Each structure stands twice: as structure tokens, then as C-alpha cells.
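Results of the structural survey
One-letter residues, chain by chain:
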Amino acid sequence: MKKIIVLLLLTALCLWQYARTSAAGEYPFLRSDYSKLRPVKIERVTPTKEIKQLQGIISEAREKGLKISIAGQRHSQGGHTYYRDGIVLDMTPFNKILVFDEKAKTITVQSGATWADVQKYINPYGLAVKTMQSQNIFTIGGSISVNAHGRDIRNGSLIRSVESFRLLGADGQIRNVSRFENAELFPLALGGYGLFGVIMDVTLSLTDDEVYEMTSETMPTTAYSDYFLNQVKQNHDIHMHLARISVAPDTFLTEMYATNYRARWDLPLTDHNKLKLKDRNVWPLKLLFGLNRSFDWGKNAFWDLQQYFLIGKSTVLSRNNAMRSESDFMDYSSDTKNDLLQEFFIPVEHFSEFINGIKPILQVEQLNLLNITVRYVNQDEEAMLSYAKSDMFALVCLFNTPLSKAAQAHMTHGIRRIIDQLMLLNGSYYLPYAPFPSVEQFQTIYPKAEAFFQAKDKWDPQHLFMNQFYDDYRGH
């Protein structure tokens, strides 16, 4: 086995050096996002540090008839963080920790702070975040603007962790927003994609850091729903969970493995709570994932190696470490291609049916599917644009695709076919990604969308805060 791994690494290294391309640079006056799709000319990018500065920019935009978009790490892929001829607010310098209450288990942070900033601050106190994405590089403001979810199966979507926030509106006023104060704005701005104003700072509820034992096991995809409901959800010692479905040709969508994080109450936190700074083995995994992009045999090998290193093994780690970055090896640089995400939510009881329905679509459309991660999301319809209308599995699908118009048209056709299958089973899809779904599909899956846009008209009648997402689904 070691010889095979070494051979794969050497082969991957040669191919990597041969095919390697530089990161696609942006032209001085053009702006895009992580997708590298649809760049447009903008007015300027303004790093933000002070509240008065932000209020001044809003005043300027009103006077000059300019639009404002809001950006953090820019990992949304559907034009949510920029707009043609507009001002882009770079919120990343707006990143202070403002208030921490250890006893109440709450923290207030400026919206440009990252989850890594929060974890670093609260880790010495034995506390952890409740919900976040599987990487800690994103900003707090960006995460709540998309109402993110993660691998915690007990605390729901991120909106449940938000106690309150301050919102700088199009009129220049700063409002305290919670479930009790300016309550109408709470479900609009959370999961509102920056269309209702600038989130200034956020108060989050925290939870205890814990020691987990991480283990993985394989199963056929047909057995996963029952396995999750009976062996994972019912076991209250399992606090976090994820799964991955095979995209390897030999076992395509028929095999998967599940990873559980079971609380180990018998182990002291102090032995395991040193924060890890970097993933191990990033470069070997990065090289192997490159083969996964390019060759069927690479997909088979990558799937086999995942199981070899996970199944039958166990790792002890803290909650904070379990929620830190896990996918640096997926970083990708090319001028002509990119890895694009699409995420589909399917009711737990329809999981196998959905997999069976999309398998022939993926095969006929020949979409280059690199990875499917499965997470569980509790029903939560508090956000106006909620994706979790029932208890659902989220299938996070990573595709590699050329950036040409023809390739994007092909992706659009394939994704819309998948969305049609999703709608038959009362599923939904996530909005932070490339706008392949049609307007009709969006309106069907998000029936409160019109009320959302009407509220936008009320709170921002001049449409000061704008982005490409708005144009795609309301500006037609």
C-alpha cells in the first residue's frame, strides 16, 4: 500500500507541475468573487475600519446615485458581494472583539472578524461556537448573511446562535436588531445576502468546548437514512456528524462513509484543547485531489485512500479543533476552469430516492463531480429565505468546470435538471452559489421570496444596497 501511495504522489507531482497554472488575476477595475464568473467594472473597493467612515460612504452613495455591495472573504459564488459601477465595502478590517461574557456564554464581535478570531479568543475559557461552516476562515457577517450551517447536528442553522446584531441601514441609521427589537429585520438580514444594510457587529451565544472521539464507517447509500436516524440522531453523545458519498466511477453514488464526533466525557479537555493551526498532509492531499479532477482512475484512487486512512481509525480532538479548517487541499488555481459548489437539501426520508434520481442525470450530463459532503440540518424556517423547511440532509456538491460560456450553459442545463428532481421531493437548494437555477425554480422553492423583495423595497427604497443576486432573481 505504501508503494502505491508513493507512486501516486510522484505521478501527481509530475502532473501538477505540468498542468499548473497561475491564479486568475482580476483586472484593476473589474470585480468578481470566488467563482471567477461574470466580472463587472466597479467604482472602487473601500476597506472599512470605522463606523463614521461607513456612514459617510452611505451618504456619498445616496448623493451620487451609487450602489453599495458588502464583502468579507468573498467565498459566495453568485455575485452577492459586488455590483456594476458600485462601491464594494471590504469588511475584513472591521474585525474587533467587542464584548465577551464568559458566564453568560456570549460574545459580541464586529462583522469582519473571522471564526478563527472568535475561536482563538474563547478557546482558553473552555468555550466553543455552536454553528459555523467547516472552515473557520469566513467572516461572521458573511456567515450570518448566508445563514450558514455546519456539522453540528444539535444546534441547527447559524440563525439560532445569533442573539442580536446592529444594522446600518440605507438611511444611515444604526438599529439594534433582535427577536424583540426591530424584529422585522431579524429574519430578513440573517440570510439576506447584504441587501438590507451593513451588519456592524453580532452577539453570538456560545457553548462548551468538549472532547470528541472521531470515527468513521462505510455503508451503502441506501442504508444511510436509517443509519442516521437510528444510530446517530438517537445517540445524544454524538454531537457532530458528516458523511461523504463516492463519486468514484467504480462505486458512483452507491457507497459512502459517515464520520461521527462522540463526546468523551471521561477525557480532560486540557489534554486536547490546543488549537491546531494547519491541516496535516495538505500538499499530498492537494496533489491527489488534482488527479481526482482530471482522471476517473484518480477518483477511484482518491476514494480508496480516504477510506484507507479513516475507516477503523479513531482520533481524539476538541470541539474547537473539530470545527477548524479541513479542506485547504481543495484550493484550486486556473485561468480557464474552477471548482464551483452547488448545495441541495433533501428531506431525510427522501435521501435514497433523490440519489437514485440524480445518478442518471449526472452520468448523462457528464458533469465533473469531485466531491459530495452530506450534513444534517434541523428544520428551521425563521429566516425569510430559509432552506430548511423540514429536517434535511444537505448535499454539498463540488464540480470542476471550464469557465467558458458553452461550459457554463452546460452546467446550467445539468443543475436545472437536478433542481427539477429536487422539487419533486420537496427539497430546496442553497442560494450563495452560482445562479444556475432558473427564476421559476427559485420562486417555487422559495415561496417567501416576493415578500422578501417587497421588504427590501420598504427598508431600502432607493436600492442603495445591491448585488448580482438581486438582479438575477428580482431585477429581471
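First, a word on scope: everything that follows refers to the structure included in this document. It should be emphasised that the depicted structure is a prediction, and the values quoted were computed from it without experimental measurement. Counting restarts for each chain, with residues numbered from 1 along the sequence as it is written. Owing to the predicted nature of the model, reporting of local features is limited to residues with pLDDT of at least 70; listing and counting of side-chain atom pairs is limited to 80 or more, with chain, interface and lining totals taken over all residues. No hydrogens and no water enter the side-chain calculation; it runs on all heavy atoms of the structure.

**Things to note about the nonpolar core**
To form a nonpolar core, buried Ala, Val, Leu, Ile, Met, Phe, Trp, Tyr and Cys residues must be joined to one another through side-chain atoms within 4.5 Å. Accessibility here uses a 1.4 Å probe with only protein chains present; expressed as a share of the type maximum, an area under 20% marks a residue as buried, one over 50% as exposed, and anything in between as partly exposed. If you look at the biggest cluster of nonpolar residues, it comprises 118 residues, and the most contacted ones within it are F165, Y224, F351, V374, F393, L395 and Y429. Looking at this core, the element that brings in the most residues is strand β18 (residues 392–402), giving 8 residues. Apart from residues no more than four positions distant in its own chain, V374 is found in contact with Y224, L242, A243, I245, M256, F351, F393, A394 and L395. Counting residues in each nonpolar core, the second largest holds 17 residues, with A61, L66, I68 and F465 among its members. Secondary structure elements follow DSSP: runs of H or I of four or more residues count as helices, runs of E of two or more count as strands, with numbering from the N terminus. Every residue pair with non-hydrogen atoms within 4.5 Å of one another is taken to be in contact.

**So, the environment of G112**
Looking at the element boundaries, G112 is found in the loop between β7 (106–110) and α3 (115–122). Its relative accessible area of 3% is what places G112 among the buried residues. Taking the C-alpha atoms as reference points, G112 and I42, separated by 70 residues in sequence, lie 21 Å from one another. Setting aside chain neighbours within four positions, we find G112 in contact with M91, T92, F94, N95 and T139.

**Brief notes about the pairing of β7**
Counting buried positions over the 5 residues of β7 gives 5, a clear majority of the element. Alternating residues of β7 divide into T106, T108 and Q110 and I107 and V109, and every residue in both groups is buried. In terms of strand pairing, strand β6 (residues 97–101) meets β7 through 4 bridges, oriented antiparallel. Note on β7: the bridge partner recorded for D101 is T106. Across 5 bridges, the pairing between β7 and strand β11 (residues 198–208) is antiparallel. Its bridge partner being in β11, I107 is matched across the sheet by L204. Strand pairing follows a simple DSSP-based rule, namely that at least 2 bridges must link the two strands.

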